[in-house]
Amino acid sequence: MAHVYNLRTVKHVTNNYKTLRKYNEKKDPMTNICHVEMGPFDLKVHGKKRKDRFYYGVRIVTGCQETAGTASQVYLELIGNEGQTGKIDIGDNWKMFQSSDATFDDYIIECDRDLGEVQLVTLGNSGYRSMNSEAGWYVDFTFVVNLQTKVEQIFPCYHWIGDGDSFTDSAHCATLKQVQNNSILVQKRKQQVEERKETYVWLIFRDSGVPSGIDTTNTPPPLDEKFEKVKNQNFMGNLYKGLAFGLGGGIFKVAKQIMSASLGRDVDDYQTANNLHTFYEIVKSLETSEKKTSGHDCNLEEHSLVAYEGNRWISDVEFGRHILNGVNCVLIERCTELPYNFPVTNHMVKNVLCRGMSLQMEMKEGYVYICNLSELLDGLLCREGYYCAAPLCLLYVNPAGNLVPIAIQLQRNPGKDNPIFLPTDYWLDWLLAKIYFSNSNAQHHQVSSHYIACHAAMEAYSVATMRTIPDAHPVYKLLKPAFRYTMAINTAARGNLISDGGVVDQVFSIGSDTAVSGKNELFRRISAMYNVHSTNINKNLIARGVGDADKLPNYYYREDGVRLWDAIESFVTSIIHLFYLNDTDVEQDTELKEWAYEVHNFGFPSYRTLPQGRGFPQQIKSRTELIEYCTLIIFTASVQHSAVNFGQYQTYGYIPNAPSNLRRPVPTQKNVATHDDLLGSLSTVITSGIGISLSYALSQFSDDEIFLGGYPTMWFTGEKENACVAEFLNVLKAINADILERNKKLDVPYIHLLSHRCANSITI
């Protein structure tokens, strides 16, 4: 390919465009995406155009993130099918791109030779910068106009370009087969994934069997995977961060200082609550502290502490509501036959069965359900002085349509010292049984439903995608927004949250200061059972037998989740069908083949020798399969994680409703419980403050949160792809409207799957 000589920039204009931070009315209220609004591109050449020269208009759009601009020397290269320009210096370290964000720079480039069709644009950061400037340069996209042919092309970037780095954009969203005759594009695609394999290195958790992640042991995470400035400020500013990492004096020392200041009195290390209202006082004091720290009110929804309101948390109906629509909404299963180790008799529950049928008939009719944690939690080590049950809970849908608990056994094996607690027992016995179950449910939720099924799985998908699929591939385009910040948040979690001696170990019953802990054993047990289809909502509902709305009503996670799965699946189908005309196209896509192999063998390596492994196949052979797994990934990152994450403050904010730790042994007798047993079993004031702060922090959206359907402005460049995105957003808006209308009729609205509250990726 010929190189072009006698290059010069004959025109350069810099302008600012409207940004999300300054012009909130310009953001899409559904997705929180800032729509880039720029003026017209003035393509007039200053002076007289030479007939023996060729001219190209180039607009480079720097992102609206803070510090997206750079004071480094940067360059541009245009690569066409007839020639390439080589590096064109377009900035120096004093005048251009001086740490300015939300800018677009217009150039007209003069060449002595025709480039032909411009196929690639390379942007580079030479790394020579002025003191105190930011190293990275974030580019949204480049717009190129061939002034001879008037052909316009968009080259999406949406990457950070670090010191000494460059990035090459293609205007073609295509599979490898569609560009296989273009040696330039084929070479660049291969080069991109090979370079990424150097920075996206697998970290395999052989001991726990948890899905693999990115290895940052010896190298920092790639620039693209780090928190941007706004997100980092939100994350660091949360009260949880102050408690967990502040002042360098250890979590309990910091928590003690904050709690004493917030409550206006000294707090002893092991001080317990004087009464149940004390836990509400802790919440309000921490909210006040947060307001003083951040300068604004806590970002909480109405009913954020619904469990406390009118002592709802004591109610069996409220208990059932949390089972269905709380943060661990995937534990309940239909019970058609009692487990061998749960000897509930008809006599025990006949007074709470309301249809005049026996327990066996109620089970047959589909009105009896179960939550069984007896095997998963049996024998787990707890922190010294803390306890955790291994319970079974039988639940019943009464004629009013309410799900209520009717029997709870707190340990795995039945016996004289392991009674079955009933709603007809002494009220404190029954209340304590529900509290101990809720504590066990919390351990399972954080390790299984939240971390392994969402955080860990999404990181595995993300690393595999970056290692095998180039930017121009339609599957990359579909999935990449679902990976935003996931590697960063998981790396932070492994370092400080779920690490040995981390926050979880200090707050949860199964924690420990050493590697020998119930937490680590629970990771191993759940990982041994994990299957990627646990977040395929339709398959999961069938497997658990909870798909019938007539038998199990008011399951809003199910109702909203299924509609959102269908919407995502329809959108994915429309995109996949644009690029794969038949199953043969899928089977022959070597980039896709490498991706599936990487996910199967390295993302979920524990069962790599089995064809289906953890449910993700070694090879995807049809459009139907490809659609299913792309839908699964997008759903897991957005809908599923939102369902199990953003309601944590509502569930855990009022400690008695769902305590993360308990300080007295699991009850073994009936008719002996006292009010002192209730208060004495619950967290100390300091530990409560840490737990509440953690649940608050994990329930927050950051200022730069992107919500479901939020694809950047020029992410897709084709009219057909953008029509698919627009249709997807219209469907989401219709679902949103239906949910809002339904919620008006609910005592406690289910808000977690409203699409404008459904984060597009796992960012917290």
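My aim in this report is to walk through the structure given alongside it, one point at a time. (Residues numbered from 1 in each chain as written. Predicted model: local features only at pLDDT ≥ 70, side-chain atom pairs only at ≥ 80, totals over all residues. Heavy atoms only, no water.)

## Some remarks on the overall build of the chain
Point 1. The helix and strand tally for the chain stands at 23 helices and 18 strands.
Point 2. Buried residues in the chain amount to 61% of all 764 residues.
Point 3. Residue pairs in contact within the chain that sit at least 24 positions apart in sequence constitute 75% of those at least 6 positions apart.
Point 4. Accessible surface, the chain as shown: approximately 29,900 Å² in total, 49% of it carbon and sulfur. (Helix = DSSP H or I, 4+ residues; strand = E, 2+ residues; numbered from the N terminus. Buried < 20%, exposed > 50% of the residue type's maximum accessible area, 1.4 Å probe, protein only. Contact = heavy atoms within 4.5 Å. Areas by Shrake-Rupley, 256 points an atom, 1.4 Å probe, with all protein chains shown as cover.)

## Focus: the packing of aromatic side chains
Any two aromatic rings considered together are summarised by their centre-to-centre distance and by the angle between their planes.
Point 1. Counted according to the given criterion, the structure contains 23 aromatic pairs.
Point 2. Geometrically, the ring pair formed by Phe-41 and Phe-143 is tilted, given 6.2 Å between the ring centres and 50° between the ring planes. Taken together, the residues Phe-41 in the loop between strand E2 (8–16) and strand E3 (54–62) and Phe-143 in strand E9 (residues 137–146) connect sequence positions 102 residues apart. Comparing Phe-41 with Phe-143, the two get one shared label, buried. (Phe/Tyr/Trp six-rings, centres within 6.5 Å; stacked < 30°, edge-to-face > 60°.)

## What about the nonpolar core?
Note on soluble globular proteins: their nonpolar side chains tend to be buried together.
Point 1. Residues Leu-394, Tyr-461, Leu-478, Trp-595 and Leu-626 are the most contacted members of the largest nonpolar core, which totals 201 residues.
Point 2. For this core, the leading source of residues is helix H10 (residues 427–468), giving 22 residues.
Point 3. Leave out the neighbours within four places in its chain, and Trp-595 touches Tyr-461, Ala-464, Thr-465, Thr-468, Ile-469, Leu-479, Phe-616, Ile-620, Leu-626 and Ile-633.
Point 4. Among the nonpolar cores identified, the runner-up in size contains 23 residues, and Val-74, Leu-76, Cys-157 and Ala-171 belong to it. (Core = buried A, V, L, I, M, F, W, Y, C linked by side-chain atoms within 4.5 Å.)

## Observations concerning the layout of surface pockets
Point 1. Here the second largest pocket defines a volume of roughly 890 Å³.
Point 2. Where the lining of the second largest pocket is concerned, the elements lending two or more residues are strand E8 (118–125), strand E10 (152–161), strand E11 (166–170) and helix H1 (183–199).
Point 3. At eight residues, H1 tops the list of elements feeding residues into the lining of the second largest pocket.
Point 4. Residue classes in the lining of the second largest pocket are distributed as 20 nonpolar, twelve polar and nine charged. (1 Å grid on protein atoms, 1.4 Å probe; cavity = no way out; pocket = protein on both sides within 12 Å on 5 of 7 lines; lining within 4 Å. Points joined across faces, edges and corners; volume = space filled by probe spheres on them. Nonpolar A, V, L, I, M, F, W, Y, C, P; charged D, E, K, R; others polar.)

## Brief notes about the environment of Leu-422
Point 1. Mapped onto the secondary structure, Leu-422 falls in the loop between strand E18 (420–421) and H10.
Point 2. In this structure the C-alpha to C-alpha distance between Leu-422 and Lys-434, which are twelve residues apart in sequence, comes to 10.0 Å.
Point 3. Setting aside residues no more than four positions away along its own chain, Leu-422 makes contact with Met-348, Val-349, Ile-406, Ala-407, Trp-430 and Lys-670.

## Details of unusual backbone geometry
Point 1. In this structure, Tyr-158 is a non-glycine residue whose phi angle is positive, near 55°.
Point 2. The topology assignment puts Tyr-158 in strand E10.
Point 3. The phi dihedral of Tyr-485 is positive, around 70°, even though this residue is not glycine.
Point 4. Locating Tyr-485 in the fold gives a position in the loop between helix H11 (474–479) and helix H12 (486–497).

## Things to note about the packing of H10 against helix H19 (residues 623–645)
Point 1. Running from N to C, H10 and H19 cross one another at 150°; their axes reach a closest spacing of 10 Å. In terms of axis orientation, H10 runs roughly antiparallel to H19. Crossing handedness for the pair H10 and H19: left-handed. Along its contact with H10, which presents His-445, Ser-449, His-450, Ala-453, Cys-454, His-455, Met-458 and Tyr-461, the element H19 presents Leu-632, Ile-633, Thr-636, Ala-637, Gln-640, His-641, Val-644 and Asn-645. (Axes fitted to C-alpha atoms, helices over the stretch in contact; angles between N-to-C directions. Parallel < 35°, antiparallel > 145°, perpendicular 65-115°, else oblique. Left-handed = near helix turned anticlockwise from the far one by under 90°.)

## Some words on the sheet that holds E10
Point 1. A sheet is described by the order of its strands in space; here five strands give the open sequence E2-E7-E3-E9-E10, paired in antiparallel fashion. Each edge of the sheet is formed by a strand with only one pairing partner; in this case those strands are E2 and E10. For this sheet, the mean angle separating the axes of adjacent strands, direction not counted, is 15°.
Point 2. Strand direction decides the pairing type here: E2 and strand E7 (residues 103–111), joined by eight bridges, are antiparallel. When the bridges of E7 are listed, Thr-9 appears paired with Ile-109. (Pairing = 2+ DSSP bridges.)

## Description of the sheet that holds strand E15 (residues 368–372)
Within a beta sheet, neighbouring strands are joined by backbone hydrogen bonds and run either parallel or antiparallel to one another.
Point 1. A sheet is described by the order of its strands in space; here five strands give the open sequence E14-E15-E16-E17-E18, paired in antiparallel fashion. In the strand order of this sheet, the two ends are held by strand E14 (333–334) and E18, each with one partner.
Point 2. The sheet contact formed by E14 and E15 spans two bridges and is antiparallel. Bridged to Glu-333 within E15 is Ile-370.
Point 3. H10 rests against E15, strand E16 (392–397), strand E17 (403–409) and E18 of the sheet, and its axis sits at about 90° to E17.

## Side note on the environment of Ser-517
Point 1. Its place among the elements puts Ser-517 in the loop between helix H13 (503–507) and helix H14 (518–529).
Point 2. Take Ser-517: its relative accessible area is 5%, and that puts it in the buried class.
Point 3. Between the C-alpha atoms of Ser-517 and Asp-505, which are twelve residues apart in sequence, the distance is 8.6 Å.
Point 4. Excluding residues within four positions of it along the chain, Ser-517 makes contact with Leu-381, Ile-510, Gly-511 and Ser-512.

## With respect to helix H23 (residues 719–743)
Point 1. Look at H23: 36 Å from first C-alpha to last across 25 residues, which is about the 36 Å you get at 1.5 Å a residue.
Point 2. At its buried positions, H23 is contacted by helix H16 (556–579). (Expected span 1.5 Å × (residues − 1).)

## Remarks on the packing of H10 against helix H18 (residues 590–603)
Point 1. As a packed pair, H10 and H18 sit with axes 9 Å apart at the nearest point and diverge in direction by 140°. One finds that H10 runs oblique with respect to H18. The way H10 lies across H18 gives a crossing that is right-handed. In contact with Ala-460, Tyr-461, Ala-464, Thr-465, Arg-467 and Thr-468 of H10, H18 contributes Glu-591, Glu-594, Trp-595, Glu-598, Val-599 and Gly-603.
Point 2. A per-class count over the contact of H10 with H18 returns five nonpolar, three polar and four charged.

## Regarding empty space enclosed by the protein
Point 1. Throughout the structure, instances matching the rule amount to seven cavities of 30 Å³ or more.
Point 2. If you trace the largest cavity, you find 21 residues lining it, with His-322, Ser-438, Asn-441, Asn-657 and Ala-658 closest to the centre.
Point 3. Counting residues per element, the lining of the largest cavity draws most heavily on H10, at eight residues.
Point 4. Class assignment of the residues belonging to the lining of the largest cavity gives a composition of eleven nonpolar, nine polar and one charged.

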